[in-house]
Amino acid sequence: MLEWAGLVAASLVLSGLLEAARLPAAQLLGPMIAAIAFGAAGAEIRIPRPAFVAAQGIVGCLIARSITGA
């Protein structure tokens with residue numbers, strides 16, 4: 001539970017910093033960077049498979065929405 005709290009806190013801080021720097025996709029990049037850092041540090045955070053599949057589906061829909069027909 002402590003790792004989850006740290007990941008959420010790091011995600012919020014990094015997202016805020018990237019947003020303040022006016023970088024595009026700060027809300028996506030902040031948590032991604034935090035997750036990479038936690039993974040590289042050896043964190044053992046696991047989520048249930050259905051939640052992982054749902055998250056991948058949402059990201060896929062967001063990407064598909066940004067692609068134009070042309």
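Because the structure is a prediction, the values reported are computed rather than measured. (Residues numbered from 1 in each chain as written. Predicted model: local features only at pLDDT ≥ 70, side-chain atom pairs only at ≥ 80, totals over all residues. Heavy atoms only, no water.)

**Re helix H2 (residues 26-40)**
The α-helix advances 3.6 residues per turn, and as a result positions three or four apart in sequence lie on the same side.
Turning to step 1, where the next piece is worked out: With 15 residues, H2 extends 21 Å between its outermost C-alpha atoms, agreeing within 8% with the 21 Å of an ideal straight helix rising 1.5 Å per residue.
Turning to step 2, where the next piece is worked out: Taken as a whole, H2 has its buried residues at Ala26, Gly30 and Ala34. When H2 is viewed along its axis, its buried side chains cluster within an angular range of 65° and face the same direction. Seen from the buried face of H2, the exposed residues on the opposite side, beyond 90 degrees, are Ile36 and Ala40.
Turning to step 3, where the next piece is worked out: Turning to H2, the residues buried within the fold contact helix H1 (2-20).
Turning to step 4, where the next piece is worked out: At the exit of H2 stands glycine 42, carrying a positive phi of roughly 95°. (Helix = DSSP H or I, 4+ residues; strand = E, 2+ residues; numbered from the N terminus. Expected span 1.5 Å × (residues − 1). Buried < 20%, exposed > 50% of the residue type's maximum accessible area, 1.4 Å probe, protein only. Arc of directions from axis to C-beta. Contact = heavy atoms within 4.5 Å.)

By themselves, these are just geometric observations and shouldn't be taken as functional.
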